[in-house]
Amino acid sequence: MQIARTGRGVAAATSVAALAATALTAAAPAAAPHTLAVPAVVGHTLAHRVSSPLSSAQCQAKWQINCYTPLQYRTAYDLNALYRKGVTGKGRTIVIVDSYGSPTVQHDLDVYSRQFGLPSTKVKVVKWGHVPAFDPKNPDMTGWAGETTLDVEMAHAVAPAAKIVVVETAVSETEGTTGLPEMMDAEKYMIDHGVGDVISQSFGATENTFPGFAKGDFSSIRKLRYAFQDANRKHVTVLAASGDGGATDLQADGKTYYKKRVNSWPSSDPLVTSVGGTQLHLDDKGNRVKPDSVYNDYGSGGGGQSHVFTRPSFQNGVKKVVGTRRGTPDISMSAAVNGGAWIYSSFDPTATGWDVSGGTSEATPLFAGIVALADQAAGHRLGNIQKRLYDLSSYRSKLTGVVDVNDGTDNSYQGVTGYKAVNGYDLATGVGTVDALRFVPALVKQKP
């Protein structure tokens, strides 16, 4: 979700803060689901071409929210000591997959890095298919550009020395194409060619919107898993945002929420680490003034039971919570808009400047940065981290760096009752969040 600058044409009233799906025309290939992935980032018109980041006190006065810099995040997640040890993500590559991308992504990352005294990095852009020329008046393109900007800047904030590859796909609803098969094809190509160590996905679609779902036929989703299966074989970590609709999510019209608990793919896939959302409560230096809560303001952290996938073995230890189904999320990072991140972009010439962004589309690249740090510390890819993650959580020790979120807040949203953050694993924040100084070495040492 994004507190966007006025002029982008993003309707705040619809609050499209979740991972959504939109029905496509019959021109789509018969073998592909008629379900379109859209970016998780969305507009809420509060900030307007802010010339430079404001302090949290100024944000509170202007918009009644807290707003944080990457320097505050670095303190909150205990990253600075890792950097002093040389663990910066060097030698590792984060692959970010977004339709259309942003024509100003390199420039914007450079401005962002200079603002906060960070070293910038070269963003390699890979165009998958015939990506159309960027049109700043096209809301689909600006939506994806905002997502791309958020993904790149958040990943860089955590892993400043990691390489970043942005894969732009040529999705266009008006052409009757489907987005998810193109994205999976692009990811498989990156995996097969050894391009990345971790893949960050801030997109998805509600499971219920896939063809055949109502009849119990989940083949349209299962046929899309080939990239994840490939990643699992080749030890590439795959992450996905759990969504911003709490325990529910959007229907195929992209506007109306289901009045019941639902889940979204690819977050629900057992081969993917699902990243949920928290709300940080920080002082100006990044120290916590109180424990993390569940993200639930302009959106809410996605979580619940999958209706497609049964409980994977790595969740056997939490079967009292997930039952017989795959539960999401697995872990959570900062996502609340009240406590969102400053982001710089210039892809829209009528709205160049700084925004405050949030949502699980923020949390996912943040955690991608954590994985890149762990890969560097290990000297190799950790690959599928699910078993390691749940095993560490089961120890209930601060030494693991897994930090429980258990303040009793919940991810209820749009009238659908969600789940509370309680002791241990829950369907609001997963195993919790991380203290990176302890979590990174513990993840490396834990047996897969």
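A brief look at the structure comes next. (Residues numbered from 1 in each chain as written. Predicted model: local features only at pLDDT ≥ 70, side-chain atom pairs only at ≥ 80, totals over all residues. Heavy atoms only, no water.)

## Section: the state of the cysteines
One covalent bond between the sulfur atoms of two cysteine residues makes up a disulfide.
Consideration 1: By the definition in use, this model includes 1 disulfide.
Consideration 2: Paired through a disulfide, Cys59 and Cys67 show a sulfur-sulfur distance of 1.8 Å. Looking down the S-S bond of the Cys59 and Cys67 bridge, the torsion is 95°, so its handedness is right-handed. Note on accessibility: Cys59 and Cys67 belong to one class, buried. (Disulfide = S-S within 2.5 Å. Buried < 20%, exposed > 50% of the residue type's maximum accessible area, 1.4 Å probe, protein only.)

## What about the packing of helix α10 (residues 360-378) against helix α12 (residues 436-445)?
Consideration 1: As a packed pair, α10 and α12 sit with axes 9 Å apart at the nearest point and diverge in direction by 55°. As far as their axial angle goes, α12 and α10 are oblique. Two packed elements cross with a definite hand, and for α10 against α12 that hand is right-handed. For the pair α10 and α12, the contacting residues are Phe367, Ile370, Leu373, Ala374, Ala377 and Ala378 in the first and Ala436, Phe439, Val440, Leu443 and Val444 in the second. (Axes fitted to C-alpha atoms, helices over the stretch in contact; angles between N-to-C directions. Helix = DSSP H or I, 4+ residues; strand = E, 2+ residues; numbered from the N terminus. Parallel < 35°, antiparallel > 145°, perpendicular 65-115°, else oblique. Left-handed = near helix turned anticlockwise from the far one by under 90°. Contact = heavy atoms within 4.5 Å.)

## Let's talk about the packing of helix α5 (residues 139-158) against α10
Consideration 1: Packing of α5 against α10 leaves a shortest axis separation of 7 Å and a crossing angle of 35°. Helix-helix and strand crossings are classified by hand; for α5 and α10 the assignment is right-handed. Contacts from Glu147, Leu150, Asp151, Met154, Ala155 and Val158 of α5 reach α10 at Ser361, Glu362, Pro365, Leu366, Gly369, Ile370 and Leu373.

## A look at α12
Consideration 1: Taken as a whole, α12 has its buried residues at Ala436, Phe439, Val440, Ala442 and Leu443.
Consideration 2: Buried positions along α12 lie against α3 (80-84), β16 (331-334), α10, α11 (386-394), β19 (402-403) and β20 (433-434).

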